[in-house]
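The residues making up each chain are set out below.
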Amino acid sequence: MLSLLKINNLSTEIRLAQRVIHAVKDVSFEVNSGETFALVGESGSGKSITALSIARLLPDAAKITQGSVELNGDNLLAHSEQQMRSVRGSNISMIFQEPMTSLNPVIKIGDQIVESMLHHENISKPAAYARCLDLLDAVGLPNAKRNMKEYPHQLSGGMRQRIMIAIALAANPDVLIADEPTTALDVTIQAQVLELLKKLQSEIGMGLIFITHDLGVVQQVADRIAVMRYGEIVETATSEEFFAAPQHPYSQQLLNAIPSIDKRGQRLSIRGEQVEHSSDSNQVYSSDNEQLLMVDKLKVHFPIRKGVFKLVVGHVKAVNDVSLQLQRGKTLALVGESGCGKTTVGKSIVRLLQITQGDMTFQGQDLVSLKGEKLRTCRSDLQIVFQDPYSSLNPRMLVGDIIEEGMVALGVEQDSAKRKKTVKKLLQQVDLPEDAMNRYPHEFSGGQRQRICIARALAVEPKVIICDEPTSALDVSVQAQVLNLLKDLQTELGMSYLFITHDMSVVSYLADDVAVMYQGSIVEYGEAMDVLQHPQHEYTKKLLSAVPKLHLH
Amino acid sequence: MPFQPVILITDALFFVLTALLVMFIIFARKREHISRPWRKVFKRSTGAVSLVVLLSYYSIAVLDSMHFNPRLDNATSEEAQYSNEILSVLDILMTPMRTQVEKTFSAPLATHLLSKEMVQQADGAMQQIYPRLKYGGAHLDNIAQDKVADIAMLVLLGCFYAVITWSLIWLLICIIYSKKIKQSLSESLARLFSASHEFPVRAIAVTTGIVIAVISISMVVGSYYHLFGTDKVGQDVFYQAIKSIRTGILIGTLTTIVMLPVAITLGAMAGFFRGWVDDVIQYLYTTLNSIPGVLLIAASILLVQIYISNNEESFNSLVERADIRLLFLCLILGITSWTGLCRLLRAETFKLREMEYIQAATAFGVTKFRILTRHVMPNFMHIVLITVALDFSGLVLAEAVLSYINIGVDPATNSWGNMINQARLEMARDPVVWWSLTAAFVFMFTLVLFANLFADVVRDALDPRVSGDK
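Numbering of residues begins from 1 in every chain and follows the order in which that chain's sequence is written. Just so you know, chain letters begin at A and ligand numbers begin at 1, following the order they were written in. Per-residue local features of the predicted model are confined to residues with pLDDT of at least 70, and side-chain atom pairs are confined, for both listing and counting, to 80 or more; whole-chain, interface and lining totals are unaffected and use all residues.

**Student:** Any chance you could break down the overall build of chain A for me, citing the residues and the numbers?
**Tutor:** Of regular secondary structure, chain A possesses 19 helices and 20 strands. Computation of the radius of gyration draws on C-alpha atoms, with the globule rule given as 2.2 Å multiplied by the number of residues to the power 0.38. Whereas a compact globule of 553 residues would reach a radius of gyration of roughly 24 Å, chain A reaches 26 Å, a difference of no more than 12%. In chain A, buried positions account for 44% of the 553 residues. Note on contacts: residues are paired as contacts if their backbone-placed C-beta atoms lie within 7 Å. A separation threshold of at least 6 residues defines the contact pool for chain A, and within that pool the share at least 24 residues apart is 69%. Numbering of helices and strands runs from the N terminus; a helix is a DSSP stretch of H or I covering at least four residues, while a strand is a stretch of E covering at least two. Each residue is classed by its C-beta neighbour count within 10 Å, where at least 20 other C-beta atoms makes it buried, 12 or fewer makes it exposed, and intermediate counts make it partly exposed; the C-beta atoms are placed from backbone geometry.

In structure tokens form, the structure reads like this:
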């Protein structure tokens, strides 16, 4: 059978002022019609550049240096730019990651879709609008007629991604390239979008190149898989073969780094490290069921002000009646989709936000009424690690100063020589070199920065760390390092975590207890195994079924 | 001692500013994240070239800010007596131009006055002629024959001095560079001037060459001729234009140090504390912004003038009086110009206070003052630097406009604005006196042009939104 799209020995370079990056090195693969081909890899592995090379949409600094891209036997790299314009859209379409920025905010949705149709096909305007309506119906928009006359900001992220798909499909392409189409979406919406793509593909019979870093998604959609690293394809296999027995060590390592319920109590595998089968039994601190932190009927409402006098006309009920208990040495996971108020809970506990109502006690001490000096002493017990490792470190301060800052502010250690010593010890603890002290944050990668954040939190010897999605901005293998570190610290120091996340696989790996949040309230709360295996509430069931599960054989 | 130093208030402030600048350079050199964008500025040839030009202006201003009273040659008294006249180092360097005062107008490089006068001849007869200048071209015997050749000779002489000075300077740089890279002199010379050098050395060398040539030619020619002619009272126009540099630079820089503390504190406070603090500061700057600036400046300059005339005894000389007025002009310009920067910084602080590292600092119980000084301020400094660079040229031009409508610096102070103001009437004369205006224009234009070019490069290098790794 003749393959639809054939890529031979493709290489792409990015030329920077000082050096040349070989973003894609000698990549070859084929995609057949009706087939889903997944390109998997971590950030910087060259998967997006490969996709852009195929559609010839590379930025100016990047150049294709060798190879060919054959679509139906036609070499796309030999085409002129004008010929390429008709190929893009009618033969090859792309969907990008960010549905918020891929649509023009000042043009109505219907017009945006029709625009590309009129450009590529000889079709009358009314006919194009009629087809547009069909397409929007096909991608599952509930009220296609109305949606056509709306502007992008009036629709949610999931709906916008559906519209992007509709635009991509408008001209019946032979090949659809989807570059991380669901990464910016919540799991339940991700599930809908994946299902939609699958359905449309079987109807139209197009080839689909699916680019992602998420192996769970890959298993759900892909027929064949290529794993990329440092610009090269290290392994190509069919989906069944790959998940049954990955051949390349890097593929194995990627699979092992994914946290899951089966790996509870084990360390996740990291590059060059053997998996140790340690169990909970050698834990130094045994949890004595001491209630460390109690949150009772927490309410956080944000006032909506209007008019000249800024009168309060209503409230956004971000958090409504949330109650939680955290025990010493345990991990409580707070799970929910974006906008459910889970971060607000975390920030309220460390008193970064003013709470509206409710009680919070830490070791029997009332947190809500604390003020001034007492609040400051209490801050050393409760610390927070944020999601984005790039914005949570001051770019103008040395790493040593950053870690030291909390100790100085809270008066943990007055002597500066001793402080320096503690900083060194902390860096060692989070597995960073000692000379990191005298460097600036921009010299570190995302995972290293997150470890600096953890070291900074540890510096004031807290009893509870609130982890606000600490790994969601990181690659799986880096995520594994951070999760291992958190686990080790819990064993060594008896740390308690309130782990805020949307990622069920992390929850199932790490959490002792789980609280599921939905629209500001907790809908289900209980032991991790109970909640994950026998969910009671409708929303929890929906959430769990939406998560792409990785079945390893 | 042959002189007695005099430090005017603006001198003191100017030196403090220079010291701060030097301290910043030393401070930044050790900190990679601060010096990196600045290196980018010097790597662009536009940046390096404009910096050389700006530095030459700046050093003239520094020389002109070192004031003193010269000692009087008074052999009879035991004690040293000092003149009341206040001179600067620049005045000494430009002595012939300062002292060679003609009777009235003369054209650039002229040997005769501009207009005819009744002169008594040797035989006693009165005659209407163009009289010879006292100084300009006075050494020539046969003017018609020798003048062009003489000027050409002087230009050549100037070029000769320039070549020697330029070569000496670059030899010195080369020797220092060869010590640094531990190579032979010829090797380091080749490396320094190779096209692939990290910094645009060739462009810098050409610019310094041009600057040195201009200075030395005008010094040599200026000692025998009036380069830009003379004004109504016979003063050398070139000398006036050079003396105006200090005024321009001072207005551009001192205003900034008046404005910066206010803009930074209020902007950061408004953005960080929000609530009523923000309201008060916002009302303050919207109110101030809605008063026409010229009105405010005119009113306060009038006040200062009245104060000076009521307290004449407290000022020793005209120079000091003019200096006070200059200082107040800087102050009032500073007061009217902080609002723009304050608004920018308030918006930036709004953004920064939501950054997670600031929330983390709050979670550590770091005091608000410390968060402001350690976390907020260093992170908006690039905006401050960009604004200062952009505002500088605007302030130099503002001085000219204000002096033109007589609410600028003291009429006795040399400034481009005053020169233009005086030239206004002279433009109507026949034959037209165009050189005052031209001289002021050329010097101001060069300064503002290079300040603008420099500001552009600084913005490109410092603004995170435009600085991609190209």
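**Student:** Quick one: what's the story with the overall build of chain B, residue by residue and with numbers?
**Tutor:** Looking only at helices and strands, chain B has 16 helices and five strands in total. Here the C-alpha coordinates of chain B stretch approximately 100 × 65 × 55 Å along the principal axes. A total of 470 residues make up chain B; the buried ones form 35% of that total.

**Student:** Kindly report on the interface of chain B and chain A, identifying the contributing residues and their values.
**Tutor:** By convention, interface size is frequently given as the accessible area that disappears when the constituent parts associate. Taken together, the contact between chain B and chain A spans 18 residues of the former and 23 residues of the latter. Elements supplying a minimum of two residues to the side of chain B that touches chain A: helix 2 (32-43), helix 13 (356-363) and helix 14 (368-404) of chain B. Among the elements that take part in the side of chain B that touches chain A, helix 13 of chain B stands out by supplying seven residues, more than any other. The residue inventory of the side of chain B that touches chain A, partitioned by class, reads eight nonpolar, six polar and four charged. Each residue gets one label: Ala, Val, Leu, Ile, Met, Phe, Trp, Tyr, Cys and Pro are nonpolar, Asp, Glu, Lys and Arg are charged, and the others, such as Gly, are polar.

**Student:** Any details on the nonpolar core? Residues and values, ideally.
**Tutor:** Nonpolar cores are identified as sets of buried Ala, Val, Leu, Ile, Met, Phe, Trp, Tyr and Cys residues joined via C-beta atoms within 7 Å. Grouped together as the largest cluster of nonpolar side chains are 183 residues, with contacts concentrated most on Ala166, Val175, Ile209, Leu334, Leu498, Phe499 and Val514 of chain A. Non-local contacts of Leu498 of chain A, meaning those with residues more than four positions away in its chain, are made with Leu326, Leu332, Leu334, Gly346, Ile349, Val464 and Ile466 of chain A.

**Student:** Give me the packing of helix 3 (residues 109-120) of chain A against helix 6 (residues 157-169) of chain A: which residues, what numbers.
**Tutor:** All names here are of chain A. Here an angle of 0 to 180 degrees is reported between the N-to-C directions of two axes, which are lines fitted to C-alpha atoms, with helices fitted over the stretch in contact. At a minimum axis separation of 8 Å, helix 3 and helix 6 run at an interaxial angle of 25°. In terms of their interaxial angle, helix 3 and helix 6 are classed as roughly parallel. Seen along the crossing, helix 3 lies across helix 6 with a hand that is right-handed. In this structure, helix 3 uses Ile109, Gln112, Ile113 and Ser116 to contact helix 6, whose residues at the interface are Ile163, Ala166 and Ile167. Broken down by class, the residue content of the contact of helix 3 with helix 6 amounts to five nonpolar, two polar and no charged. Here the angle decides the label: under 35 degrees means roughly parallel, over 145 means roughly antiparallel, 65 to 115 means roughly perpendicular, and every other value means oblique. Note on convention: the crossing is left-handed when the near helix lies turned anticlockwise from the far helix by less than a right angle, right-handed when the turn is clockwise.

**Student:** So what about unusual backbone geometry? Which residues, and what values?
**Tutor:** All names here are of chain A. Residue Asp321 is not a glycine yet carries a positive backbone phi of 55°. Considering the arrangement of structural elements, one finds Asp321 in strand 12 (residues 311-327). Asp321 gets classed as partly exposed once you count the C-beta atoms within 10 Å, which come to 14.

**Student:** Can you explain the sheet that holds strand 19 (residues 513-518) of chain A? Please cite residues and give values.
**Tutor:** Residue and element names in this part refer to chain A. As summarised here, the arrangement of the six strands in space is 16-17-18-13-19-20, forming an open sheet in which the pairing is mixed. Each edge of the open sheet is held by one strand with a lone partner, namely strand 16 (382-385) and strand 20 (521-527). Adjacent strand axes in the sheet meet at a mean angle of 15°, parallel and antiparallel pairs treated alike. Note on pairing: DSSP must find at least two bridges between two strands before they are called paired. The pairing of strand 16 with strand 17 (residues 464-468) spans four bridges and is parallel. Directly across from Val385, in strand 17, lies its bridge partner Cys467. Contacts between helix 11 (residues 342-349) and the sheet are confined to strand 13 (331-335), strand 16, strand 17, strand 18 (496-501) and strand 19, with strand 18 contributing the most and set at about 150° to the helix.

**Student:** Describe in detail helix 14 (residues 416-429) of chain A, supporting the description with residues and values.
**Tutor:** By this rule the span expected of a helix is its residue count minus one, scaled by 1.5 Å. Compared with an ideal rise of 1.5 Å per residue, which puts 14 residues at 20 Å, helix 14 of chain A spans 20 Å between its outermost C-alpha atoms and is within 8% of the ideal. Taken together, the buried residues of helix 14 of chain A touch helix 13 (399-410) and helix 15 (446-458) of chain A.

**Student:** Talk me through the environment of Ser218 of chain B; I want residue IDs and the actual numbers.
**Tutor:** Residue and element names in this part refer to chain B. Structurally, Ser218 is set in helix 8 (residues 201-224). Overall, the presence of 18 C-beta atoms within 10 Å leaves Ser218 in the partly exposed class. Those residues within four positions of Ser218 in sequence are excluded, and the remaining contacts are Leu227 and Phe238.

**Student:** Please give an account of the sheet that holds strand 7 (residues 175-179) of chain A that cites residues and values.
**Tutor:** Residue and element names in this part refer to chain A. Spatially, 6-7-8-3-9-10 is the arrangement adopted by the six strands of the open sheet, whose pairing is mixed. On the outer flanks of this sheet lie strand 6 (92-95) and strand 10 (232-238), each paired with one strand and no other. Strand-to-strand twist across the sheet, computed as the mean angle between neighbouring axes with direction ignored, equals 15°. Where strand 6 meets strand 7, four bridges bridge the pair, whose relative direction is parallel.

**Student:** Go over the pairing of strand 12 of chain A, please, and point to the residues and values.
**Tutor:** Residues and elements named next belong to chain A. Note: strand 11 (residues 291-306) against strand 12, 12 bridges, orientation antiparallel. Paired with Arg305 across the two strands is Val312, which belongs to strand 12. Linkage of strand 11 to strand 12, two consecutive antiparallel strands, is achieved through a turn of four residues, within which Gly307 is found at a positive phi near 80°.

**Student:** How would you sum up the confidence of the model for chain B? Please name residues and give values.
**Tutor:** All names here are of chain B. Mean pLDDT for chain B: 88, with 97% of residues reaching 70 or above. Here strand 4 (residues 117-120) is the element of chain B with the lowest mean pLDDT, 83, and helix 3 (residues 45-64) is the one with the highest, 94. Taken over the whole predicted complex, pTM reads 0.79, whereas the ipTM for its chain interfaces reads 0.76. The score called pLDDT rates the predictor's confidence residue by residue, from a low of 0 to a high of 100.

**Student:** Which residues make up the pairing of strand 8 (residues 207-212) of chain A, and what are the values?
**Tutor:** Residues and elements named next belong to chain A. Among the six residues of strand 8, six are classified as buried, and the element is accordingly described as predominantly covered. Side chains of strand 8 alternate between two faces, with Gly207, Ile209 and Ile211 and Leu208, Phe210 and Thr212 buried alike. Sheet topology note: the strand 3 (residues 36-40)/strand 8 ladder contains five bridges and is parallel. Among the inter-strand pairings, Val40 is bridged to a residue of strand 8, identified as Thr212.

**Student:** Now, about the confidence of the model for chain A: what can you tell me, with residues and values included?
**Tutor:** Taken as a whole, chain A shows an average pLDDT of 84; of its residues, 95% reach a score of 70 or greater. When pLDDT is averaged over each element of chain A, strand 18 of chain A comes out on top at 92 and helix 12 (residues 372-379) of chain A at the bottom at 81.

**Student:** How would you summarise the environment of Leu52 of chain A if you had to cite specific residues and measurements?
**Tutor:** All names here are of chain A. Tracing the chain through its elements places Leu52 in helix 1 (residues 47-55). Here Leu52 falls in the buried class, since 20 other C-beta atoms lie within 10 Å of it. Considering only alpha carbons, one finds Leu52 and Val316, 264 residues apart in sequence, at a separation of 42 Å. Among all residues touching Leu52, those that are not within four sequence positions of it are Leu57 and Leu58.

**Student:** Tell me about helix 9 (residues 237-273) of chain B, and please be specific about residues and values.
**Tutor:** Residue and element names in this part refer to chain B. Along its 37 residues, helix 9 runs 54 Å from first to last C-alpha, staying within 8% of the 54 Å computed at 1.5 Å per residue. In terms of burial, helix 9 is a largely internal element, 30 of the 37 residues being buried. In the stretch just after helix 9, Arg274 is the one whose phi turns positive, near 50°.

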